[in-house]
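# Examination of the molecular architecture
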Amino acid sequence: MSEADSRARHVAIIMDGNGRWAKRRHLPRAMGHRQGVEAVRRLVRSLEGTGIECLTLYAFSSENWKRSEDEVDDLMDLMRKFIKSDLPEFIANDVKLHILGDWRALAPDIVAMLEDALEKTSGGSRTIAVALNYGGQAEIVHAARAAAAQGEITQESIEANLFSAGLPPLDLLIRTSGEVRLSNFLLWQAAYAEMLFVDTLWPDFTPEHLQQALDDFTNRERRFGGR
Ligand code: IPE
Ligand code: IPE
Ligand code: MG
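In what follows, the accompanying structure is described.

Definitions and cut-offs
- Residues numbered from 1 in each chain as written.
- Chains lettered and ligands numbered in written order.
- Predicted model: local features only at pLDDT ≥ 70, side-chain atom pairs only at ≥ 80, totals over all residues.
- Heavy atoms only, no water.
- Phe/Tyr/Trp six-rings, centres within 6.5 Å; stacked < 30°, edge-to-face > 60°.
- Helix = DSSP H or I, 4+ residues; strand = E, 2+ residues; numbered from the N terminus.
- Buried < 20%, exposed > 50% of the residue type's maximum accessible area, 1.4 Å probe, protein only.
- Near = heavy atom within 4 Å.
- Polar contact = N/O pair within 3.5 Å; in protein donor to acceptor, adjacent residues only side chain to side chain.
- Areas by Shrake-Rupley, 256 points an atom, 1.4 Å probe, with all protein chains shown as cover.
- Salt bridge = Lys/Arg side-chain N within 4 Å of Asp/Glu carboxyl O.
- Pairing = 2+ DSSP bridges.
- Axes fitted to C-alpha atoms, helices over the stretch in contact; angles between N-to-C directions.
- Parallel < 35°, antiparallel > 145°, perpendicular 65-115°, else oblique.
- Left-handed = near helix turned anticlockwise from the far one by under 90°.
- Contact = heavy atoms within 4.5 Å.
- Expected span 1.5 Å × (residues − 1).
- Arc of directions from axis to C-beta.

### Some details on the packing of aromatic side chains
Within this structure, the stated rule accounts for 8 aromatic pairs. Plain terms: the ring middles of Tyr 134 and Phe 163 are 6.3 Å apart, the flat faces sit at 65° to each other, and that makes the pair edge-to-face. One end of the pair, Tyr 134, is in strand 4 (residues 126-134); the other, Phe 163, is in the loop between helix 6 (155-159) and strand 5 (172-175), and 29 residues separate them in sequence. Here Tyr 134 falls in the buried class, since its relative accessible area comes to 0%. Classification of Phe 163 by relative accessible area gives partly exposed; the value is 22%. Between Trp 202 and Phe 205 the ring centres are 5.2 Å apart and the planes differ by 20°, which places this aromatic pair in the stacked class.

Here it is in C-alpha cells:
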C-alpha cells in the first residue's frame, strides 16, 4: 500500500472533556467550553499538510439538550461567537463548511448565520464538518425514510441520504477524555473506521496530539473483512 493510501482522509473527533477540564481548575463549565473552542481553532489552523480532506467535529449532540439551560445557552453563544470571529479565516484558508444533524432546529439567528457561512465557504477545498444537534440513530431513520420515498432501501440509497453524503469515507474516529463510547456519533459511518480513544481532555488537545493520532492510524492494518 502506498503512503498516500494509508493516510487518513476523513477524521472525526468526539470533543469530550470540557467540563472535567474546568472542574479540575475549579472553574465554571463554561470556561471549559471556551477553551474547547480554542482547541478547535488551533486544530483547524493546523490542517495544512496533514493530508486530511475532511475533519468532522461533534459539537452538540441531540442528547445535549438534557443539560441545564445555562449550559446550553453558553454553548449556543459560543457557537455564535465562533462563527462570527472565524468565518473570515475559514474563507481565507480555503475551508468549506459542512453541517451534520438537525441544525435547522437551532435558534433562527444561528440558522441564518450557518446558512450564510455555508454559502460563503462553498468554494473551499478542505471540509470542516460540524455535527450540530446531531444524533446517529436519528440520522439513519431520516436517511432510510428518504431512501424509501425515492424507491428501494439499499445500503447505497441510505448512504446517499445520510448527512455525510459526499464526504470521503470515515477513516479515523477519535474520542478525547478517556470515555470509550460513541455517544450516538456517526453510527453508520463508523462501520469500518479505525478508533482511537485518548485520555487527553478536549481543551488540552493540540495539533501534536492529532499528528500522533495520524501516525498511529498509518500503522493500523485495515482489513475490511478480507485477508
Ligand atoms: C464536551 O465536553 C462538549 C460538549 C458535549 C458540548 P463535556 O461538556 O461533555 O465535558 P465533560 O464530559 O463533562 O467533561
Ligand atoms: C458527546 O459527549 C457529545 C459531544 C462531544 C458533543 P457527551 O459528553 O455528551 O457524551 P456522554 O454523555 O458522556 O455519553
Ligand atoms: Mg462529556
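### Thoughts on the site of ligand 2
Residues in contact with ligand 2, as listed here, are Ile 14, Met 15, Asp 16, Tyr 58, Ala 59, Phe 60, Asn 64, Arg 67, Arg 175, Arg 181 and Ser 183. Asp 16 places a polar side-chain atom, nitrogen or oxygen, 3.2 Å from an oxygen atom of ligand 2. In this structure, an oxygen atom belonging to ligand 2 sits 3.3 Å away from a side-chain N or O atom of Arg 175. When ligand 2 sits alone it has 390 Å² of accessible area, and the protein chains cover 77% of it. Broken down by element, the residue count for the shell around ligand 2 peaks at 3 residues, all from strand 2 (residues 54-61).

### Some details on the pattern of salt bridges
Between side chains of opposite charge, a pair can form when the charged atoms approach closely. For the coordinates displayed, the defined rule picks out 20 salt bridges. Where Glu 38 meets Arg 41, a salt bridge forms, and the shortest distance between an N and an O atom there is 2.7 Å. With Glu 38 and Arg 41 both in helix 2 (residues 29-45) and 3 residues apart, this pair spans about one turn of that helix. The exposure class of Glu 38 is partly exposed, given its relative accessible area of 33%. Judged by its relative accessible area of 15%, Arg 41 falls in the buried class. The salt bridge involving Glu 194 is made with Arg 222; its shortest N-O contact spans 3.9 Å. Of the two residues, Glu 194 sits in strand 6 (residues 194-197) while Arg 222 sits in the segment after helix 7 (207-218), which places them 28 residues apart along the sequence. One salt-bridge network, in which partners are shared between bridges, spans Asp 16, Arg 20, Arg 175, Glu 179 and Arg 181.

### As for the sheet that holds strand 1 (residues 10-14)
Strands sit in the order 3-4-2-1-5-6 across an open sheet of 6 strands; the sheet is parallel. The sheet is open, and its two edges are formed by strand 3 (95-100) and strand 6, each paired on a single side. Mean inter-strand twist for the sheet, computed between neighbouring axes without regard to direction, equals 20°. One ladder, built from 7 bridges, connects strand 2 with strand 4; its direction is parallel. By the bridge assignment for strand 4, Leu 55 is matched with Ile 128.

### As for the packing of helix 2 against helix 3 (residues 69-92)
Orientation of helix 2 relative to helix 3, taken along the N-to-C sense of each, is 25°, at an axis distance of 10 Å. Classed by the angle they form, the pair helix 2 and helix 3 counts as roughly parallel. As for how helix 2 packs across helix 3, the hand of that crossing is right-handed. Across the interface between the two elements, Arg 29, Ala 30, His 33, Arg 34, Val 37, Val 40, Arg 41, Val 44 and Arg 45 from helix 2 touch Glu 71, Asp 74, Leu 75, Leu 78, Phe 82, Ser 85, Asp 86, Glu 89 and Phe 90 from helix 3.

### Considerations on helix 4 (residues 108-120)
Under the 1.5 Å per step criterion, the end-to-end length of helix 4 is 18 Å for 13 residues, consistent within 8% with the ideal 18 Å. Regarding helix 4, the residues found buried are Ile 110, Val 111, Met 113, Leu 114 and Ala 117. Buried residues along helix 4 cover an arc of 165° about the axis, so they all sit on one side. Those residues of helix 4 that are exposed and angled more than 90 degrees off the buried face are Pro 108 and Glu 119. Packed against the buried residues of helix 4 are helix 3, strand 3 and strand 4.

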